[in-house]
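# Architecture and fold: a report
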Amino acid sequence: MSDATAKKEERRKFQAIRGTRDLLPPETTLWNRVEQTAHEVFATFGYGEIRPPIFEPTELFARAVGGETDIVSKEMYTFEDRPEEVEKPQVFQDFERYLRSVQELFEKSRIPQSKENEEAIKQLERTLKKASDAHAHQLFDVGMVATTFYWANAIKLGDELSLRPEATASVCRAYIEHNMQQLPQPVKLYYTGPMFRRERPQKGRYRQFYQIGAEVLGGTDAPAIDAEVIEMLMTFFDKVGLQGATLYINSIGHNADNCRRGYVAGLKAALEKVKEKLGPDSQRRIDTNPLRVLDSKLESEQVIIATLPRIADHLCDECKTHYAEVKRQLEVRGVLYQENWRLVRGLDYYMRTTFEITAPGLGSQNAVCGGGRYDGLVELLGGPPAKGIGFAIGEDRLILSLQESGKGRVPQRRDVYIAWMGERAYAAAIRAAKDLRKSGFSVELPPVEQKFGKALGQADKLGAKYALILGDNEVSEALWTLKTLATGEQAKLTEPDLLQFLRNQKPAT
Ligand code: AMP
């Protein structure tokens, strides 16, 4: 390989990882606007921001999201944490030393106190003892080397951690960890930030994507809470300019024989009858999670699904009343909705209200938000019994939809470009820039002197509204020139008048 090709190769090496991307200006201005709107709208509903860590023990997500779900079983970015002071052994002679340090760390509870670790350490000790006896008899056994490697590697030096695939689990964990049940209930929290799932990337689906979510924990499960959460969400979408959003709602009852469990049993029986007509995924789900069959987007299954029993006919009286009241409250709040009996969640602790919002311009990935009630989750994670409801908005998809509808255009422009020439002019330019920036204007002050023609061209390219022309003439006359770039109009003004004139304009960004 020639030097040039090698250099080229080297330069080509670094690219954002598949499914991740750089968000760049001017688009980031739109992201900030969306997030700012979330801060403002959620605050008006009494929500406070929580910023949980990006990674947590894998077990937290396994428990909260469900070990059987695709998210946990195949999509998480998982790694083993470990104490710094001990390295996995590289050569055979290291093992005795390794065993001693691992035993010490285990005794001091510095490595995971699991049964598996206890067993692996014991087995490593036993194998090494055997190996040393064999060595004394000048025997060498390849199988024994392999066994030693096996047990040494089986010892987990650190907890298994995962990048968060969602944030509800973390928020519930934080609620428990910080004893938030002692605060006035319910506790209303929201978050924004990146989530990570190893999904097949496509339009609107990324491996690092962003969510804006909120959770209401503790207190009552009054239908007004569900309705207000949804009202807040729709207020946010409205404020941010999302057009054509459709809100779908459903109630999935609660996990009891006279409610969802009874329905699921009936659904399963009905699915068994049409099993042969279903695709392999749905066939499998009849046993693992029959509710998920209702999620199916497979064209050939749609007519069959339409004939299946519906949960609304199987809700217990309390769940039925709760659902009716949620709908009534939505109407009182002027929130338009459509019912969708196929909107389900596959996990046991999800209950009653579920909702989803779709938006145009997104192709098949058209859900911009999913949410629902999950009264059993905090308890499942080891906390006190606590009601819970929340949602997560897919920010990437929201932005895409805004851009598709033309609402995403955020021109990034400078208010003022200062075209200066000469040392004295430069001092005045610095002064003017400082003054205007203080008033919130976006000012471009070129770092080196340029001819006015070039400077004005540059100002045009940057989309500046005004060019402030400062040459030595202007400085000695104490009359500065202000050019409105769109019209070409020029005016000569004194420094205070000019700054005052500009201050009376609104900053562009
Ligand atoms: P979920 O946490 O799966 O209920 O998803 C809530 C919302 O997050 C969805 O409605 C999507 O808008 C968004 N979302 C989920 N997964 C992805 C992904 N891989 N890429 C982009 N957005 C996603």
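Residues numbered from 1 in each chain as written. Predicted model: local features only at pLDDT ≥ 70, side-chain atom pairs only at ≥ 80, totals over all residues. Heavy atoms only, no water.

## Quick word on the overall build of the protein chain
Within the protein chain, the secondary structure is distributed over 19 helices and 16 strands. In terms of C-alpha radius of gyration, the protein chain reaches 31 Å, well past the compact-globule figure of 23 Å for 509 residues. Expressed along its principal axes, the backbone C-alpha trace of the protein chain runs to roughly 95 × 75 × 55 Å. Within the span of the protein chain, comprising 509 residues, buried residues form 46% of the whole. A separation of at least 24 residues holds for 72% of the contacts in the protein chain among residues at least 6 apart in sequence. When the accessible surface of the protein chain is summed, it comes to about 26,900 Å², and 50% of that surface belongs to carbon and sulfur atoms. If the 71 positive side-chain charges of the protein chain are averaged to one point and the 72 negative ones to another, these points end up 4 Å apart. (Helix = DSSP H or I, 4+ residues; strand = E, 2+ residues; numbered from the N terminus. Rg over C-alpha atoms; globule rule 2.2 N^0.38 Å. Buried < 20%, exposed > 50% of the residue type's maximum accessible area, 1.4 Å probe, protein only. Contact = heavy atoms within 4.5 Å. Areas by Shrake-Rupley, 256 points an atom, 1.4 Å probe, with all protein chains shown as cover. Lys, Arg positive; Asp, Glu negative; His and termini not counted. Charge placed at Lys NZ, Arg CZ, Asp CG, Glu CD.)

## Description of the packing of helix α6 (residues 115-136) against helix α7 (residues 142-154)
The geometry of α6 relative to α7 is characterised by a closest axis approach of 8 Å and an angle of 155° between their N-to-C directions. Here α6 is positioned roughly antiparallel relative to α7, judged by the angle of their axes. Crossing of α6 over α7 shows left-handed handedness. Counting all contacts with α6, which are made through N117, A120, Q123, L124, T127, L128, K130, A131 and A134, the residues of α7 involved are M144, T147, T148, W151, A152 and A154. Partitioning the contact of α6 with α7 into residue classes produces 9 nonpolar, 5 polar and 1 charged. (Axes fitted to C-alpha atoms, helices over the stretch in contact; angles between N-to-C directions. Parallel < 35°, antiparallel > 145°, perpendicular 65-115°, else oblique. Left-handed = near helix turned anticlockwise from the far one by under 90°. Nonpolar A, V, L, I, M, F, W, Y, C, P; charged D, E, K, R; others polar.)

## Looking at the site of the ligand
Close to the ligand lie 15 residues, the nearest being R197, E199, Y206, Q211 and A367. Contact between the ligand and Q211: an oxygen atom at 3.0 Å from a side-chain N or O atom of the residue. Protein coverage of the free-state accessible area of the ligand, which is 480 Å², stands at 86%. Within the residue set of the shell around the ligand, elements represented by two or more residues are β6 (208-217), β10 (367-373) and β11 (388-394). Take the shell around the ligand: its biggest share by element is 4 residues, from β10. Its residues assigned to classes, the shell around the ligand comprises 6 nonpolar, 4 polar and 5 charged. (Near = heavy atom within 4 Å. Polar contact = N/O pair within 3.5 Å; in protein donor to acceptor, adjacent residues only side chain to side chain.)

## Let's talk about the packing of helix α3 (residues 58-66) against helix α8 (residues 168-177)
Contact geometry of α3 with α8 gives a least axis separation of 9 Å together with a crossing angle of 105°. When the interaxial angle is binned, α3 and α8 end up roughly perpendicular. Counted together, L60, F61 and A64 of α3 and A169, S170 and R173 of α8 form the full contact between these two elements. Per-class residue counts for the contact of α3 with α8 are 4 nonpolar, 1 polar and 1 charged.

## Observations regarding the pairing of strand β14 (residues 466-470)
Looking along a regular strand, one sees side chains alternate from face to face of the sheet. In terms of burial, β14 is largely enclosed, as 5 of its 5 residues are buried. Burial of β14 is two-sided: the residues Y466, L468 and L470 facing one way and the residues A467 and I469 facing the other way are all buried. By the bridge criterion, 5 bridges tie strand β12 (residues 416-420) to β14 in an arrangement that is parallel. Its bridge partner being in β14, V416 is matched across the sheet by Y466. Here 4 bridges tie β14 to strand β15 (residues 480-484), and the two strands are oriented antiparallel to one another. Pairing of L468 across the sheet is with L482, part of β15. (Pairing = 2+ DSSP bridges.)

## Here's the deal with unusual backbone geometry
In the segment running from P25 into P26, the intervening peptide bond is cis, with an omega of 5°. Cis peptide bonds are those with omega within 30 degrees of zero, and the linkage from Q185 to P186 qualifies with -5°. In this structure, S109 takes a positive phi of about 55° despite not being glycine. Position of S109 among the secondary structure elements: in the loop between α5 (94-107) and α6. Classification of S109 as partly exposed rests on a relative accessible area of 47%. Phi angles above zero are rare outside glycine, and R352 is one such case at about 50°. Positionally, R352 belongs in strand β9 (residues 351-358). Overall, R352 belongs to the buried group, its relative accessible area being 10%.

## Re the environment of P165
Structurally, P165 can be placed in the loop between β4 (160-163) and α8. Sequence-wise, P165 and R197 are 32 residues apart; in three dimensions their C-alpha atoms are separated by 5.5 Å. Apart from the residues lying within four places of it in its own chain, the contact partners of P165 are F61, I71, M76, M195, F196, R197 and F209.

## Description of the nonpolar core
Counting 98 residues, the largest nonpolar core has F42, F236, F237 and F391 as the members making the most contacts within it. The greatest single-element share of this core, amounting to 10 residues, is contributed by helix α9 (residues 223-240). Once residues within four sequence positions are removed from consideration, F236 is found in contact with V34, T37, A38, V41, F42, I212, I393 and L398. Counting 20 residues, the second-largest nonpolar core is a separate cluster that includes A429, A433, Y466 and L468. (Core = buried A, V, L, I, M, F, W, Y, C linked by side-chain atoms within 4.5 Å.)

## Describing the side chain of E199
Counting through the fold element by element, E199 comes out in the loop between β5 (187-196) and β6. In this structure E199 comes out as buried when scored by relative accessible area, which is 19%. Ignoring anything within four residues of it in the chain, the contact list for E199 reads E75, R205 and R207.

## A short note on the sheet that holds strand β3 (residues 78-80)
The strand order β2-β4-β3 describes an open sheet built from 3 strands, whose pairing is antiparallel. Looking at the sheet topology across the chains shown, the edges are occupied by β2 (55-57) and β3. Each neighbouring strand pair of the sheet contributes to a mean axis angle of 35°, computed without reference to strand direction. As paired strands, β3 and β4 are joined by 3 bridges and run antiparallel to one another.

## Thoughts on the side chain of R342
Following the sequence through the fold, R342 ends up in the loop between β8 (338-339) and β9. Comment: no salt bridge for buried R342; closest opposite-charge side chain is E301, at 7.0 Å. Looking at R342, its side chain comes within polar contact range of the main-chain oxygen of L294, at 2.9 Å. Polar side-chain contacts of R342 include one of 2.9 Å to the backbone oxygen of S296. (Salt bridge = Lys/Arg side-chain N within 4 Å of Asp/Glu carboxyl O.)

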